[in-house]
Number of protein chains: 2
Amino acid sequence: MKIVIIGGVAAGAKAAAKAKRELPDAEIDIYTDDTHVSYSACGIPYYIEGNFADYRTLLVRSPEEFASEGINVHLQHKVTKIIPETKQVLVHSLQGNNVFLVSYDKLVIATGARPIIPPIKNNCFKNIFTVRKIEDAINIRKKLEDSKRAVIIGGGYIGLEMLEAFVRNNIITTLIERGNYLMPVLDEDMSELVKEQLFSIHDEKFEIITGHTVTEFCGTEDGVTSVETENGQVFDTDLVVICTGVRPNVEIAVEAGIKLGITGAIKVNKRMETSIKDIYACGDCCEENFIVTNTPVWMPLGSNANKEGRCAAINATGGFDEFSGVLASAVTRCLRLTISMTGLTEKEAQKHGYETISAKVTKNDKVGYMPDANNITLKLIADKNTGKLLGGQAVGAGDSDKRINSLATALLGGLTVEEFVRNDLTYAPPFSPTIDPLLNAAQILRAKFNSK
Amino acid sequence: MKIVIIGGVAAGAKAAAKAKRELPDAEIDIYTDDTHVSYSACGIPYYIEGNFADYRTLLVRSPEEFASEGINVHLQHKVTKIIPETKQVLVHSLQGNNVFLVSYDKLVIATGARPIIPPIKNNCFKNIFTVRKIEDAINIRKKLEDSKRAVIIGGGYIGLEMLEAFVRNNIITTLIERGNYLMPVLDEDMSELVKEQLFSIHDEKFEIITGHTVTEFCGTEDGVTSVETENGQVFDTDLVVICTGVRPNVEIAVEAGIKLGITGAIKVNKRMETSIKDIYACGDCCEENFIVTNTPVWMPLGSNANKEGRCAAINATGGFDEFSGVLASAVTRCLRLTISMTGLTEKEAQKHGYETISAKVTKNDKVGYMPDANNITLKLIADKNTGKLLGGQAVGAGDSDKRINSLATALLGGLTVEEFVRNDLTYAPPFSPTIDPLLNAAQILRAKFNSK
């Protein structure tokens, strides 16, 4: 059995390791155009922030460790073509600059996603970065040493994580978001809260600008020196990080005739099989089933990649496993704020045709007399007709992400508000108020149902 | 409508406030033998620890505030008899030392629980305390000021919370637990872990002794000076705190002919009605329905008291509400350890006749490279025959109690291991590893099922 895996960051690395455990005799080869394999891309902002000194901490498993397990890792080897007819892939060695064909019995596509680069003039200056690979981590961290100012373009997850990283390094930072809202995956009222709460942190050196589009970079041969927005504002800077989202790497899959889903990522079934026999896909390049709606969604997150890689490996090696999908649970941190969510937002729920009822509470995360009590704002959304919970979001300095996980569990179980409000959550003053904010939000939501 | 409430700490205070909101014209009287009303008894260890300076922070609502809402609070008025035949209670004014009858239309018994005092010789010395009331808080805090050593008797929730409080005040503390295990509500393997992990904290001045019974106090007229155990060990001390559990205050209910349940606490239905018409009970004096097994359980916890007080008030004022019961979710903290649980332990599950399968994992609560990553050990228990989750426990320095809440939600939804393992929990390096320890434990549990 010859298993070829294209890509080796999270899904690909997991698929390789799991496949070897499932079928020790299998010949397993990872081909990646990257210079590194098996690393925590999600950890890059925390390396740049300075939580640990050595970028190698981000590496989960080295090519040597893979080799010792009998898995061959081919770094800087780009697969440029999949030939399903002959069950081969065409590999381009980036260093040797030669091209060769490799046969497979089973192929796992884990090509991931790549940053979207918006159309900004002069984007070839030095010190304009994206945040995706180990080189990005090393280069940004190095550039920070002689930098005083930074501009971040984009106010989603990575933009906010980079804001934290820069501010903690005493870099005067400007974050510019084209839309009117930070974290646009949230409902607008919750996005507004993110902005408000970040603005209220006066003791940190940063600036957030929403509703403005960066149109041009200026610089010298040493690198970028300023960015300009459409309305002519100019921001001097020593480096720029572009965090305007990612798109799935699906070109070679498309060329091979593999079907994409409505999200634009590779369509797979629950066994991670693509539309072509013996070809699996997992990780950021493929879409998922959204458990709440049973419709496709694209959630390029490390936790999903890990599970999908595992599932693809079990099936590719002759076993049986199903990945039932995602709840769109996610969390990020920016300075003292935690932002987390699961399920549908209210706007998404309405797009899906639900009539919604929602409730929002702002409460202490612990009993108010505990010295580290902090606020959290929780929003819960339910289906007006069935009472079924659809999703929730949390923003605040308090402990909120694990509360979102309780809600995720409720979504998994298909609980209604009426059922969820009976929950018995742990209570002690260092951990929550007598009635947990999550339960409190559910009580208010139930009251809205009863009075409707 | 005349509503009389006996007791006013958590359930009684909540019942009074809620009843007034539901039925503003009702005449509501709280009679309590206590000197305070409406306070956070759970917060007492945190006051003693020094998290806040003024004990009045523990008071939720003063008698004056109640009065301004039209609720009469009668402090130091002990109800000594319930007379259901004439719908009256006999009240003994502790200060005036007079006795009088009060009529009610609806009676709410919220008499709470009281500390169990084990049979130890000479327990009338000064500076031997229990931890229940505001006076206890004030007296212990005051005594700490001229104390160097303390002995805690009992290694359950309150014993461990007092250990933390004393150690943080630089008091050299000895905790003596009669049984072989701290936190005996846990499974023994998890209790063992509590002891191990507390023992491993070498930089704090405390000692834990299990398997020894205190038999005698020695002292002078200034107060206790030492405690002696059955095997003749003597521990010098400046104060003693007895934390050997509580029992429900049910005597006046029993005398009135109100039925107790098999737990020894007052039996109520889902509307908090006792066996006698127009008499409700709520809080630590009554038992609950255990949702997992649908059998009675006695869980004297503040969160339950609050919900039960609310439910009793709605029903007593002519509304309709049901309290469906508890999952036995609880949490406590001792120094750097968090201990939390929900549902059945493995030993309890087996007592209830379940054949169990359990899984236990020890993992970081966050990605290991984050500077504040800490270990947690999670144990999950499931029914071998149906796969249904039955309960779980968590011990460790890491963030674990909210993970237990996700499990509580799964118990509420009646989820099986196979269903729960599909959960999508939030992931980012500051919050969890790629695969959350809770999910990891569930995966291991599922694997045990598949290989059984």
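Residues numbered from 1 in each chain as written. Chains lettered and ligands numbered in written order. Predicted model: local features only at pLDDT ≥ 70, side-chain atom pairs only at ≥ 80, totals over all residues. Heavy atoms only, no water.

The extent of an interface is frequently quoted as the accessible surface area lost upon association of the parts. Counting residues at the interface gives 61 residues for chain B and 61 residues for chain A. In total, about 5000 Å² of surface goes out of reach between chain B and chain A, with carbon and sulfur atoms giving 60% of it. Taken as a group, B:Y369, B:K402 and B:D424 account for 15% of the area that chain B buries against chain A, more than any other trio of residues on that side. Linking chain B with chain A are two salt bridges, by the criterion used here. Across the pair B:D399 and A:K402 runs a salt bridge whose closest N-O atoms are separated by 3.9 Å. Elements supplying a minimum of two residues to the side of chain B that touches chain A: α8 (302–316), β21 (330–334), β22 (337–343), α10 (401–412), α11 (417–420) and α12 (437–450) of chain B. A total of 10 residues in the side of chain B that touches chain A trace back to one element, the largest contributor, which is α10(B). (Contact = heavy atoms within 4.5 Å. Buried area = accessible area lost by both parts, 1.4 Å probe. Salt bridge = Lys/Arg side-chain N within 4 Å of Asp/Glu carboxyl O. Helix = DSSP H or I, 4+ residues; strand = E, 2+ residues; numbered from the N terminus.)

Residue and element names in this part refer to chain B. By the criterion of burial, β21 is predominantly enclosed, with five of the five residues buried. Burial along β21 is two-sided: A330, T332 and C334 facing one way and V331 and R333 facing the other are all buried. Where β21 and β22 come together, five bridges link them in antiparallel fashion. Bridging from a neighbouring strand, T332 pairs with I339 of β22. Count of turn residues in the β21/β22 antiparallel hairpin: two residues, of which L335 carries a positive phi of about 55°. (Buried < 20%, exposed > 50% of the residue type's maximum accessible area, 1.4 Å probe, protein only. Pairing = 2+ DSSP bridges.)

This brings us to the relation of the copies chain B and chain A. Screw-axis analysis of chain B against chain A gives a translation of 0.0 Å along the axis, an RMSD of 0.0 Å, and a rotation angle of 180°. The superposition operator between the copies reduces to a two-fold rotation axis. By C-alpha distance to the rotation axis, the residue of chain B lying nearest is B:S406, at 2.0 Å. Looking at the interface residues of chain B, 100% of them are also at the interface in chain A, so both copies use one shared face. (Least-squares fit on C-alpha atoms with pLDDT ≥ 70 in both.)

Once that is clear, we can look at the pattern of salt bridges. As enumerated under the stated definition, the model contains 52 salt bridges over all chains in all. The partner of A:D187 in a salt bridge is A:K379, with the nearest N and O atoms 3.0 Å apart. Placement of the pair is A:D187 in the loop between β11 (172–177) and α6 (188–199) and A:K379 in strand β24 (residues 375–383), with a sequence separation of 192 residues. Overall, the relative accessible area of 3% leaves A:D187 in the buried class. Judged by its relative accessible area of 4%, A:K379 is buried. In this structure, the salt-bridge partner of B:D278 is B:K277, at a minimum N-O distance of 3.5 Å. You can call B:D278 buried: its relative accessible area is 13%.

Residues and elements named next belong to chain A. Domain parsing of chain A yields domain 1 (2–114 + 247–316), domain 2 (128–244) and domain 3 (336–450). The centre of domain 2, based on its C-alpha atoms, is set 30 Å off from the matching centre of domain 3. Each side of the interface is counted separately: domain 2 has 16 residues, and domain 3 has 16 residues. Summing both sides of the interface, domain 2 and domain 3 together bury roughly 1400 Å²; the carbon and sulfur share of this comes to 58%. Looking only at domain 2, the three residues that lose the most surface to domain 3 are D187, M190 and Q197, adding up to 40% of its buried area. Counting every contact that joins domain 2 to domain 3 gives nine residue pairs in polar contact (both at pLDDT 80 or more). Secondary structure elements with two or more residues in the side of domain 2 that touches domain 3: α5 (157–168) and α6. The class makeup of the residues in the side of domain 2 that touches domain 3 is 11 nonpolar, two polar and three charged. (Domains from an automatic or database assignment. Polar contact = N/O pair within 3.5 Å; in protein donor to acceptor, adjacent residues only side chain to side chain. Nonpolar A, V, L, I, M, F, W, Y, C, P; charged D, E, K, R; others polar.)

Moving on, we come to unusual backbone geometry. Residue and element names in this part refer to chain B. In this structure, N122 is a non-glycine residue whose phi angle is positive, near 65°. When you line up the elements, N122 lands in the loop between β8 (113–115) and β9 (128–129). If you check the backbone angles, M272 has positive phi at about 70° while not being a glycine. Note that M272 resides in the loop between α7 (251–255) and β18 (279–281). On the basis of relative accessibility, which here comes to 1%, the residue M272 falls in the buried class.

Turning to the sheet that holds strand β5 (residues 88–93) of chain A, a few remarks are in order. Two modes of strand pairing occur in sheets, parallel and antiparallel, and in both the strands are linked by backbone hydrogen bonds. All names here are of chain A. In spatial order, the strands read β4-β5-β6; together these three strands make up an open sheet with antiparallel pairing. The sheet is open, and its two borders are formed by β4 (77–83) and β6 (99–103), each paired with just one other strand. For this sheet, the mean inter-axis angle between neighbouring strands, taken without regard to orientation, is 30°. Two strands pair when backbone bridges link them, and β5 and β6 are joined in this way by five bridges, in the antiparallel orientation. When the sheet's bridge partners are listed, L90 is paired in β6 with L101. (Axes fitted to C-alpha atoms, helices over the stretch in contact; angles between N-to-C directions.)

This part is about the side chain of B:D365. Residues and elements named next belong to chain B. Within the element layout of this structure, D365 appears in the loop between β23 (356–364) and β24 (375–383). For D365, a relative accessible area of 1% corresponds to the buried category. A polar contact of 2.8 Å, which involves the side chain of D365, links it to the side chain of K366. What D365 contacts, discounting residues up to four positions off in sequence, is D372, A373, N374, I376, G398, D399, R403, F431, S432 and P433.

For the rest of this paragraph, the subject is the nonpolar core. Core analysis: the largest hydrophobic core is formed by 172 residues, its most contacted members being A:I109 and B:I109. Residue contacts for A:I109: discarding those within four places in its chain leaves A:I6, A:I82, A:A253, A:I258, A:I266, A:I279, A:Y280, A:A281, A:C282 and A:C285. (Core = buried A, V, L, I, M, F, W, Y, C linked by side-chain atoms within 4.5 Å.)

A separate point is the packing of aromatic side chains. Ring pairs (aromatic) are described by centroid distance and by the angle formed between their planes. As enumerated under the stated definition, the model contains six aromatic pairs over all chains in all. Both rings, one in A:F52 and one in B:Y369, keep their centres 4.7 Å apart while their planes meet at 50°; by these two values the pair is tilted. A residue pair is termed interchain when its members come from two chains, as with A:F52 in the loop between α2 (44–49) and α3 (63–68) and B:Y369 in the loop between β23 and β24. Neither residue differs from the other here; A:F52 and B:Y369 are each classed as buried. Members of the aromatic cluster, each reached through a chain of ring pairs, are A:Y47, A:F52 and B:Y369. We note A:R61 situated over the ring of A:F66; from NZ or CZ to the ring centre the distance is 5.3 Å. (Phe/Tyr/Trp six-rings, centres within 6.5 Å; stacked < 30°, edge-to-face > 60°. Lys NZ or Arg CZ within 6 Å of the ring centre and 35° of its normal.)

All names here are of chain A. Most of strand β25 (residues 389–396) is tucked away, with eight of its eight residues classed as buried. Note: strand β22 (residues 337–343) against β25, six bridges, orientation antiparallel. The residue bridging I339 from the neighbouring strand is V395, located in β25. Bridge analysis of β24 against β25 gives seven bridges, and the strand direction is antiparallel. The partner of K379 across the bridge, within β25, is Q393. Where β24 folds back onto β25 in an antiparallel hairpin, the turn is made up of five residues, including G387, whose phi is positive at roughly 80°.

Turning next to the environment of A:I242. Residues and elements named next belong to chain A. Summarising the element assignment, I242 is placed in strand β16 (residues 239–242). The exposure class of I242 is buried, given its relative accessible area of 4%. What I242 contacts, discounting residues up to four positions off in sequence, is I116, I117, P118, I128, F129, T130, V131, I153 and F217.

Residue and element names in this part refer to chain B. It is at 7 Å that the axes of helix α1 (residues 11–22) and α8 come closest, and there the two elements cross at 35°. Remark: the crossing between α1 and α8 carries right-handed chirality. Contacts from A11, K14, A15, K18, A19 and E22 of α1 reach α8 at A305, N306, G309, R310, A313 and I314. (Left-handed = near helix turned anticlockwise from the far one by under 90°.)

Looking now at helix α4 (residues 134–144) of chain B. For α4(B), the full list of buried residues reads B:I134, B:D136, B:A137, B:I140, B:K143 and B:L144. On its buried face, α4(B) is in contact with α2 (44–49), β9, α5 (157–168) and β16 (239–242) of chain B.

Residue and element names in this part refer to chain A. Along the chain, I201 falls in the loop between α6 and β12 (206–210). On the accessibility criterion, I201 (8% relative accessible area) is buried. Residues I201 and V241, spaced 40 residues apart in sequence, show a C-alpha to C-alpha distance of 22 Å. What I201 contacts, discounting residues up to four positions off in sequence, is F206, L335 and R336.

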